[in-house]
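Spelled out, the chains give:
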Amino acid sequence: MTHTSVEEYAVTGPDAGPYAITTGPDGALWYTLVHGGRIGRIVPGGEPTSHRLDPACGPTIIVAGPDGALWFTEYQAHRIGRITTDGAVTEFGLPAPDRGPFGIAAGPDGALWFTETAADRVGRITTDGAVTEFPLPVTGAFPSAITAGADGGMWFTLNQGNAIGRIGMDAEITIHPLPTEAAAPVGIAAGRDGALWFVEIAAGQIGRIGTDGAITEFPLPDRSARPHAITPGDDDRQWFTEWGGNRVGSIAPDGTIQLHDLPTPKSEPHGITLGPDGALWTALEIGALARVAAG
C-alpha cells in the first residue's frame, strides 16, 4: 500500500475561511475566502496572494471558465464573478437579489451554469454576462453543487430535495430521487468512469449515479463524517472531504474507501481539487490549504 503524505500550508488568517478550490489555466491554485471577501491564488511551492472583493459578498464556489478566466459565485451578494489570471475582476448581477448562487461549472456549450439555492432555479451565464434562468419542477430543494456530465448535460445536487437533477442543453430537466431519505447531497463531480459521483452530507455516504439514472450508495466507515465536496483524482478514484471527520478520503469504482486524517484538529475541510502538481489540494476553513500526495 502506498504511503500518503498530508501537509498544510497557511494562506490566510483563521477568520477568512478558504472554502472552494480549483486549478486555474495558469498552473496555480485558486480559492475563495468566503468570510474574507477575497479570491486567493497560490502556485504550489510559492507564496499566496489574494484579490479583494466586496468584503460581504461571500465568494463560494470557483471554477476555471472556457475563456481562460476563473468564475465564481457570490452567495451573499447574489452575483456571478469573473477574475482573470492577472486579477481583474468583473461582477454580474442576477435578475433578482434573492437568488443565493452557490455551485458553478463550465458547460459543454461554452457558458457557465450555476445553481440558485434560494430560488429553485439553475442559471446559465455566457462569458459576456448574459444570464438565463431555468425554474426547477420542485420547491425548497436548495440546488447546490453542479457539474458537467459525460452525456452533454449538467448534473446538480438538490440538498433539501434529496435528489440529483439533470438539465440538458435543450433545458429539459430530470429529477432522480435518492434511495436514502434526508441524505442531503452537496458536492458532485464527473468521474472518469462516465458516471457522476456525489456526497451525502447528512447520511455519511458517497453516491454514484450513471447517466441512465441508476444510483449506488456507499456508506462511509464514519457515518457522522459529513462529506462535503468531491473531485476526480488522476486515476479512477474520486477524492472527497469529510468536514465532520477532519479527513480527506478516496473511493474506488468498486466502493473501496481509503481515509487520511488531516494534521490539525477541526480544520473544517471543504473544497477539493486535483492540483497542477498532481496532488490533491483541499481548502481548510481555519486558514490553510492541505496537500495530499501519494509517496
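The rules behind each value
Residues numbered from 1 in each chain as written. Predicted model: local features only at pLDDT ≥ 70, side-chain atom pairs only at ≥ 80, totals over all residues. Heavy atoms only, no water. UniProt positions renumbered as here; feature names shortened; annotations may be inferred. Helix = DSSP H or I, 4+ residues; strand = E, 2+ residues; numbered from the N terminus. Contact = heavy atoms within 4.5 Å. Buried < 20%, exposed > 50% of the residue type's maximum accessible area, 1.4 Å probe, protein only. Polar contact = N/O pair within 3.5 Å; in protein donor to acceptor, adjacent residues only side chain to side chain. Salt bridge = Lys/Arg side-chain N within 4 Å of Asp/Glu carboxyl O. Pairing = 2+ DSSP bridges. Axes fitted to C-alpha atoms, helices over the stretch in contact; angles between N-to-C directions. Phe/Tyr/Trp six-rings, centres within 6.5 Å; stacked < 30°, edge-to-face > 60°.

For the chain, an unreviewed UniProt entry supplies the name Virginiamycin B lyase and the organism Actinoallomurus acaciae. The record held by UniProt for the chain lists under Function (unreviewed entry) the comment "Inactivates the type B streptogramin antibiotics by linearizing the lactone ring at the ester linkage, generating a free phenylglycine carboxylate and converting the threonyl moiety into 2-amino-butenoic acid."

Q: Would you take a moment to explain the environment of Ile 206 for this structure?
A: In this structure, Ile 206 sits in strand S20 (residues 205–209). Measuring from C-alpha to C-alpha, the distance between Ile 206 and Gly 187 comes to 9.9 Å, with 19 residues separating the pair along the chain. Look past the residues within four positions of Ile 206 in its chain and what remains in contact with it is Trp 197, Phe 198, Val 199, Thr 216, Glu 217, Phe 218, Leu 220, Pro 227, Ile 230, Phe 240 and Ile 251.

Q: Looking at this model, I keep getting lost on the UniProt feature "active site" (unreviewed entry) in the chain. Mind explaining?
A: When the UniProt feature table is mapped onto this chain numbering, "active site" (unreviewed entry) sits at His 270. Its place among the elements puts His 270 in strand S26 (residues 269–274). For His 270, a relative accessible area of 5% corresponds to the buried category. If we skip the residues at most four places from it in the chain, His 270 touches Pro 18, Tyr 19, His 228, Ala 229, Thr 241, Trp 243, Thr 282, Ala 283 and Glu 285.

Q: What is the right way to read the UniProt feature "binding site: substrate" (unreviewed entry) in the chain from this model?
A: Mapped onto the present numbering, the UniProt feature "binding site: substrate" (unreviewed entry) falls at His 228. Those residues in contact with His 228, other than ones at most four positions away along the chain, are Tyr 19, Val 186, Gly 187, Val 199, Ile 201, Thr 241, Trp 243, Pro 269 and His 270. Looking at His 228, its side chain comes within polar contact range of the side chain of Tyr 19, at 3.2 Å.

Q: Would you mind showing me how to read the pattern of salt bridges here?
A: Enumeration according to the criterion identifies 15 salt bridges in this entry. The partner of Arg 79 in a salt bridge is Glu 74, with the nearest N and O atoms 2.7 Å apart.

Q: Just checking my understanding: could you explain unusual backbone geometry for this structure?
A: Trans is the common state for peptide bonds, and a negative phi is the common state for residues other than glycine. The backbone of His 78 sits at a positive phi, close to 60°, despite the residue not being glycine. Along the polypeptide, His 78 turns up in the loop between strand S7 (70–74) and strand S8 (79–83).

Q: It is not clear to me how the sheet that holds S26 should be interpreted in this structure. Could you clarify?
A: Pairing is antiparallel in the open sheet, where 4 strands are placed in the order S1-S28-S27-S26. The open sheet has two edge strands, strand S1 (4–10) and S26, and neither has a second partner. With strand direction ignored, the average angle separating the axes of adjacent strands in the sheet is 20°. In this sheet, strand S28 (residues 288–294) lies alongside strand S27 (residues 280–284) in antiparallel orientation, the contact comprising 5 bridges. The residue of S28 that forms the bridge with Leu 280 is Val 292.

Q: Help me understand the packing of aromatic side chains in this model?
A: When we look at a pair of aromatic rings, we describe it by the centre distance and by the angle of the planes. All told, the structure shown has 6 aromatic pairs when counted by the stated rule. Here Tyr 19 and Phe 102 contribute two aromatic rings whose centre-to-centre distance is 6.3 Å and whose plane-to-plane angle is 80°, an arrangement assigned as edge-to-face. Within this pair, whereas Tyr 19 is found in strand S2 (residues 18–23), its partner Phe 102 is found in strand S10 (residues 101–106), the two being separated by 83 residues in sequence. On the basis of relative accessibility, which here comes to 11%, the residue Phe 102 falls in the buried class. Ring centres of Trp 197 and Phe 218 lie 5.9 Å apart, and the angle between their planes is 15°; on these two criteria the pair is classed as stacked. In this pair, Trp 197 is assigned in strand S19 (residues 196–200) and Phe 218 in strand S21 (residues 215–219), connecting sequence segments 21 residues apart. Assessed through its relative accessible area of 1%, Trp 197 is described here as buried. Residue Phe 218 is classed as buried on the basis of its relative accessible area of 14%.

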